[in-house]
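Residues per chain, in single letters:
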Amino acid sequence: MKGDEFSGLVFYDKNGAVFSKSEAQLIGENIKRILTTRPGERVGEPEFGSHVLDYIFMPQLSIDDLIAEIINSINTQEPRVTVNSCTLTSATQDDVVKINLDLTLNTENKENLQIGVAI
């Protein structure tokens, strides 16, 4: 890896660590962590995460409340992005809710970022 400049760790699994050169990729991974972590699960950071997983299993789920929770969680915990839009789709054969986000990076390059999170 001599001569390579890496920005940070994207994820670590049984095959080892995967590193990234892209700030957008690192931000995307952090947003996925925010949305799939319940508050209190992360040691030393009791406020980190969102209630998205709790909302999905509520019997009287309000889609507007779920979208508001997603946007609020990202806005309060990931200052490097601005949420332009959030939509939800359902893949019934997989029992998965897909969160589609259109974001603008608040970094020097101000690029748009599309992220999908399956829950």
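Residues numbered from 1 in each chain as written. Predicted model: local features only at pLDDT ≥ 70, side-chain atom pairs only at ≥ 80, totals over all residues. Heavy atoms only, no water.

All told, the structure shown has zero aromatic pairs when counted by the stated rule. When the ring centre of phenylalanine 48 is taken as reference, the NZ or CZ atom of arginine 42 above it lies at 4.2 Å. (Phe/Tyr/Trp six-rings, centres within 6.5 Å; stacked < 30°, edge-to-face > 60°. Lys NZ or Arg CZ within 6 Å of the ring centre and 35° of its normal.)

The next thing to look at is the pattern of salt bridges. Enumeration according to the criterion identifies three salt bridges in this entry. Of the charged contacts, one joins arginine 38 and aspartate 54 as a salt bridge, the two residues approaching to 2.8 Å between their closest N and O atoms. Of the two residues, arginine 38 sits in the loop between helix H1 (23-36) and helix H2 (52-56) while aspartate 54 sits in helix H2, which places them 16 residues apart along the sequence. In this structure arginine 38 comes out as partly exposed when scored by relative accessible area, which is 30%. Residue aspartate 54 is classed as partly exposed on the basis of its relative accessible area, which comes to 29%. (Salt bridge = Lys/Arg side-chain N within 4 Å of Asp/Glu carboxyl O. Helix = DSSP H or I, 4+ residues; strand = E, 2+ residues; numbered from the N terminus. Buried < 20%, exposed > 50% of the residue type's maximum accessible area, 1.4 Å probe, protein only.)

Right, let's get into the confidence of the model for the protein. Per-residue confidence for the protein gives a mean pLDDT of 82, with 79% of residues at or over 70. Mean pLDDT per element in the protein: strand S1 (residues 8-13) is the minimum at 59, and helix H3 (residues 63-77) is the maximum at 94. (pLDDT = per-residue confidence, 0-100.)

Now for the environment of histidine 51. Along the chain, histidine 51 falls in the loop between H1 and H2. Counting along the chain gives twelve residues from histidine 51 to proline 39, while the straight-line C-alpha distance between them is 7.2 Å. In this structure, histidine 51 is in contact with Pro39 and Glu69, ignoring residues within four places of it in sequence. (Contact = heavy atoms within 4.5 Å.)

Moving on to the pairing of strand S4 (residues 96-105). Counting buried positions over the ten residues of S4 gives seven, a clear majority of the element. Pairing analysis gives seven bridges linking S4 to strand S5 (residues 112-118), with the strands arranged antiparallel. Across the sheet, leucine 101 pairs through a bridge with isoleucine 115, a residue of S5. Between S4 and S5, which follow one another and run antiparallel, lie six residues, and lysine 110 among them has a positive phi close to 50 degrees. (Pairing = 2+ DSSP bridges.)

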